[in-house]
Amino acid sequence: MAETSRQLAPATDVAELDLLETPAYVYDLDELRRSHAALRAAIPPETRLFYSLKANPHPAVVRALCSAGCSPEACSPGELEVALAAGASPDTILYTGPGKRDGEVAAALAAGVRWFSVDSPAGLDQVDRLAASVGATAQCLLRLNGRSAGTAQGLTMTGVASQFGADETWVLSQPRQFSSRPRAEVAGFHLYTGSNLESEAALLAQFEASLATARRAARALEVEPRLLDLGGGFGAPYARAGALLPLDGLASGIAALLGAWFPGWRRRQPLVAFESGRYLTATCGSLLARVLDVKRSHGTPVVVLESGINHLGGMSGLRRLPPLVPDVQSVAAADDSSLRGAILAGPLCTPLDVWARSADLPDLEIGDVVRIPNVGAYGLCASLLAFLSHPAPREVVVDGGEIVDVSRLQLVRRGLEASAGDANGYPDGRQ
Ligand SMILES: Cc1ncc(COP(=O)(O)O)c(C=O)c1O
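## Points about the overall build of the protein
- The helix and strand tally for the protein stands at 9 helices and 18 strands.
- Counting the 431 residues in the protein, one finds 54% classified as buried.
- Expressed as a percentage of contacts within the protein between residues at least 6 apart in sequence, the contacts between residues at least 24 apart total 70%.

Below is the structure:
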């Protein structure tokens, strides 16, 4: 932690950052707060905003967003632990996911979590049974898979066969299967149609389709929703230079849609919520990595970095992320793109560890530090960290131009005794 007392320029000012030990993710909390303020201004003030921890579960990031007013959306025991440690009140947390183990639901209930997104009648039964066993009553948002496919540029989760939610046609045709249980009340609906939408028009079209689905389901179930989570899909740059999409007209557009589909929403229920991971965190993070080798192969320039798919972009291959086409900025030299058509590889012993096969790069030398911008969302946590057992990069948190935290995820294997159980919600000790 030697660096923690050193004053730094903001993380966006790369000049100082080559002094850090690399590879390192740098998260700038000032930029994070700016992104939060931008998204808050883009949705009506009467609505709630959930932070989806899957985008970046770093404790400092989660703490800063909770302090700014976000509620956590957690979908695993590990995310729940971070949310609670960040100081989030358990009753503000929404626990989601298409398949939940009894152990994790029981652990969440025991921690005081009361809001669950459920994806099927079996999900409602599970929450009901486990809530009853601790004498609690849980509020469930029924996740709906609407009729039409979203227009998401990233992942589409609605209008297609999927593990997410219950098909709208199922809910409308068999509403009794989805009615409240004694300890699991259907308190509203959860819709998340897709991620990384790149225009206000696409966002509004998606929210309108979701509102129509929610209203049809509310009528069929004869439910007055108390909370309506319309998801998000707010797009953001990924590993490319650039700023967040301005969403100046979105709040008024959303308010108009809500007025049309749920008149009176401002004065009475439902309370409307949105979720975001990417928009909130993308621009706060950079990855710094040093050049390990520069050479030519069959006439093509090759640059080997100390970070590869184990630190960034591993999930691009699974189409969880957009294809990785990183902007590589030299921290020291001017970005003159003098290495044209280069292979940009990581250090892993596999030919798949390539970020780009024809990149235009600055004139790099061994030992230079490069910076990949806008990787605060789906950076380290969406990489193939365990593959080939290299150490994790450092994670450096900068606040007000000063380094306030340096840490490194540890990959440690520990044995599980057959009956001892596990703190991560696997009470029977199974893996
Ligand atoms: C249910 C749900 N909520 C929120 C998110 C976060 O999406 P994003 O980071 O694009 O905002 C996702 C992403 O897959 C999701 O599936």
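## Some thoughts on the packing of aromatic side chains
- Summed over all chains, the structure comprises 7 aromatic pairs.
- With centroids separated by 6.0 Å and ring planes inclined at 50°, the aromatic side chains of Tyr95 and Phe116 adopt a geometry described as tilted. Taken as a pair, Tyr95 in strand E4 (residues 94-95) and Phe116 in strand E5 (residues 115-118) lie far apart in primary sequence, 21 residues in all. Accessibility assignment for this pair places Tyr95 and Phe116 in one class, buried.
- When the ring of Phe207 is compared with that of Phe234, the centres are 6.1 Å apart and the planes differ by 50°; the resulting orientation is tilted. Of this pair, Phe207 sits in helix H7 (residues 200-221) while Phe234 sits in the loop between strand E9 (227-229) and helix H8 (250-261), and the two are 27 residues apart along the sequence. Summarising the burial analysis for this pair, Phe207 and Phe234 share the class buried.

## Thoughts on unusual backbone geometry
- For the bond running from Thr22 to Pro23, omega is -5°, close enough to zero to count as cis.
- Position of Pro23 among the secondary structure elements: in the segment before strand E1 (24-28).
- Positive phi, close to 55°, is recorded for Glu222, a residue that is not glycine.
- Residue placement: Glu222 occurs in the loop between H7 and E9.
- Accessibility expressed as a relative area gives 73% for Glu222, which makes it exposed.
- The phi torsion at Leu388 lies on the positive side, around 75°, for a residue other than glycine.

## Regarding the nonpolar core
- Counting 105 residues, the largest nonpolar core has Phe116, Phe189 and Phe234 as the members making the most contacts within it.
- In terms of residue count, H7 provides more of this core than any other element does, 8 residues in total.
- Ignoring sequence-local partners within four residues, the contact set of Phe234 consists of Leu39, Ile43, Leu197, Leu203, Phe207, Leu247, Leu250, Phe274, Glu275, Ser276, Arg278 and Tyr279.
- Counting residues in hydrophobic clusters, the runner-up holds 10 residues, among them Ala24, Val26, Leu288 and Val406.

## Some details on the site of the ligand
- Neighbouring the ligand are 13 residues; Tyr192, Glu275, Gly277, Arg278 and Tyr378 lie closest to it.
- In this structure, Glu275 approaches the ligand through a side-chain N or O atom, which is 2.4 Å from a nitrogen atom.
- In the environment of the ligand, an oxygen atom lies 2.8 Å from a nitrogen or oxygen atom belonging to the backbone of Arg278.
- Protein coverage of the free-state accessible area of the ligand, which is 390 Å², stands at 96%.
- Here the residues of the shell around the ligand are counted per class, giving 3 nonpolar, 4 polar and 6 charged.

## Some words on the environment of Met315
- With respect to the helices, strands and loops of the structure, Met315 is situated in the loop between strand E12 (300-305) and strand E13 (329-330).
- Between the C-alpha atom of Met315 and that of Ala382, which follows or precedes it by 67 residues, the distance is 5.7 Å.

## With respect to the environment of Glu224
- The topology assignment puts Glu224 in the loop between H7 and E9.
- Through-space distance from the C-alpha of Glu224 to that of Gln269 is 7.7 Å; in sequence the pair is 45 residues apart.

## A short note on the pairing of E1
- Summarising burial for E1: 5 of the 5 residues are buried, a large majority.
- Of the two faces of E1, the one lined by Ala24, Val26 and Asp28 and the one lined by Tyr25 and Tyr27 are each fully buried.
- Sheet topology places E1 next to strand E11 (residues 285-297); 4 bridges connect them, and they run antiparallel. Paired with Tyr25 across the bridge in E11 is Leu287.
- The pairing of E1 with strand E17 (residues 394-399) spans 5 bridges and is classified as parallel. Its bridge partner being in E17, Tyr27 is matched across the sheet by Val397.

The rules we used
Residues numbered from 1 in each chain as written. Predicted model: local features only at pLDDT ≥ 70, side-chain atom pairs only at ≥ 80, totals over all residues. Heavy atoms only, no water. Helix = DSSP H or I, 4+ residues; strand = E, 2+ residues; numbered from the N terminus. Buried < 20%, exposed > 50% of the residue type's maximum accessible area, 1.4 Å probe, protein only. Contact = heavy atoms within 4.5 Å. Phe/Tyr/Trp six-rings, centres within 6.5 Å; stacked < 30°, edge-to-face > 60°. Core = buried A, V, L, I, M, F, W, Y, C linked by side-chain atoms within 4.5 Å. Near = heavy atom within 4 Å. Polar contact = N/O pair within 3.5 Å; in protein donor to acceptor, adjacent residues only side chain to side chain. Areas by Shrake-Rupley, 256 points an atom, 1.4 Å probe, with all protein chains shown as cover. Nonpolar A, V, L, I, M, F, W, Y, C, P; charged D, E, K, R; others polar. Pairing = 2+ DSSP bridges.

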